[in-house]
Amino acid sequence: MSTTAPGWLEGSVALITGGGSGIGRAVADRYLAEGASVAIFGRDAAKLQTVVDASADPSRMMAIAGDVRDADSLASAVTDVVTRFGKLDTVVPNAGIWDFNRSLTRLSPTELGASFDELFEINVKGYLLTVQAAWKELVAANGSVVMTLSNASFHPAGGGPVYTAAKFAARGLVTQLAYELAPKVRVNGVAVGGMDTDLSGPSATGLENRTIAASFARSEITGNNPLIPLHHASVDPVDFTGSYVLLASKANAGNITGAIIPADGGIAVRGF
Ligand code: NAD
């Protein structure tokens, strides 16, 4: 007889966009450890396959290449997941880019407009298209959506105006979609704070190959930042995954929808 306690997501099936790196990958590995089967969706097929091969159980993980701006590839991803694993319980819209705090005072009108278009297409439209592709399966499974939000969904200085506006918009999606998809589907979010990841920027401003981990922001997120009460807390994405498990769990969060867990070290405590 096994003495191992069952995971919180035993037997469930999840689809995570941007699951090839950063918090998406960490959530994928954690969901797997909690007993789920997991599909990771992203732009780079080879990179995704490497993540699957390195996972604790590649037989319960699949890689799907595609772009979250493309409704057709999201629709076929959902079909592939259901064909392989039989259903879809949880969708994590997570794929995103950052604007590296570019202020409107530093960008030309052309750069600002192009940055806005590219970032909103991925961070906001991509989230919307992801849920639209999945909602019928989520209704069938009595499932849920867990969106990756940010401290920038509530507070200034987590990015420039384009990123902050996009993360506020994604917060709006949690509220509206929780309303629209009730009572069958729960929709919640995790507002993560600074993490050491590959988060990159818009090609429109030449930031597509830069990462937050290799930028000035690294010292802000890993250093002794007095604006963050828990400033000594880890910035390893692995340590942000617990909220995603809770919100995906029917047994433990079956009465929670429209909620956003701030996993940002307590920024709101400082009122900033
Ligand atoms: P990351 O770059 O490691 O992960 C993002 C993933 O999304 C990457 O694998 C990338 O290839 C993928 N992606 C980007 N554009 C895509 C597209 N058009 N189609 C498909 N996949 C695409 O960075 P991360 O920090 O793990 O970012 C994940 C989420 O976390 C983002 O929504 C980001 O805004 C949010 N976030 C990050 C931080 C942080 O400090 N790193 C803080 C708050 C919120």
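In short, a report on the structure. (Residues numbered from 1 in each chain as written. Predicted model: local features only at pLDDT ≥ 70, side-chain atom pairs only at ≥ 80, totals over all residues. Heavy atoms only, no water.)

### Notes on the side chain of S37
Next up, step 1: Tracing the chain through its elements places S37 in strand β2 (residues 37-42).
Next up, step 2: Residues within four places of S37 in sequence aside, it is in contact with S12, V13, A14, R60 and F85. (Helix = DSSP H or I, 4+ residues; strand = E, 2+ residues; numbered from the N terminus. Contact = heavy atoms within 4.5 Å.)

### Quick notes on the packing of aromatic side chains
Two aromatic rings, taken as a pair, are described by how far apart their centres are and by the angle between their planes.
Next up, step 1: Counting across every chain of the model gives three aromatic pairs.
Next up, step 2: Centre to centre, the rings of W98 and F100 are 4.8 Å apart; their planes meet at 50 degrees, and the pair counts as tilted.
Next up, step 3: For W98, a relative accessible area of 5% corresponds to the buried category.
Next up, step 4: In this structure F100 comes out as buried when scored by relative accessible area, which is 1%.
Next up, step 5: A network of ring pairs unites the aromatic residues W98, F100 and Y163 as a single cluster.
Next up, step 6: Above the face of the F168 ring, R171 is positioned so that its terminal group lies 5.3 Å from the ring centre. (Phe/Tyr/Trp six-rings, centres within 6.5 Å; stacked < 30°, edge-to-face > 60°. Buried < 20%, exposed > 50% of the residue type's maximum accessible area, 1.4 Å probe, protein only. Lys NZ or Arg CZ within 6 Å of the ring centre and 35° of its normal.)

### Some points on the site of the ligand
Next up, step 1: Surveying the vicinity of the ligand reveals 28 residues, the closest of which are S21, N94, Y163, M195 and T197.
Next up, step 2: At 3.0 Å, a side-chain N or O of K167 approaches an oxygen atom of the ligand.
Next up, step 3: In this structure, an oxygen atom belonging to the ligand sits 3.3 Å away from a main-chain N or O atom of D198.
Next up, step 4: Across the complex, the protein chains shield 95% of the 820 Å² of accessible surface that the ligand would expose by itself.
Next up, step 5: Of all the secondary structure elements, the ones that give two or more residues to the shell around the ligand are α1 (22-33), α4 (109-141), β5 (144-150) and α5 (161-181).
Next up, step 6: Split into classes, the residues belonging to the shell around the ligand amount to eleven nonpolar, twelve polar and five charged. (Near = heavy atom within 4 Å. Polar contact = N/O pair within 3.5 Å; in protein donor to acceptor, adjacent residues only side chain to side chain. Areas by Shrake-Rupley, 256 points an atom, 1.4 Å probe, with all protein chains shown as cover. Nonpolar A, V, L, I, M, F, W, Y, C, P; charged D, E, K, R; others polar.)

### Some points on the pattern of salt bridges
Next up, step 1: By the definition in use, this model includes six salt bridges.
Next up, step 2: Between E34 and R30 there is a salt bridge whose closest N-O contact spans 3.1 Å.
Next up, step 3: When the shortest N-O distance is used, the salt bridge between K87 and D89 registers 3.2 Å.
Next up, step 4: Sharing partners across several salt bridges, the network here consists of K87, D89 and K250. (Salt bridge = Lys/Arg side-chain N within 4 Å of Asp/Glu carboxyl O.)

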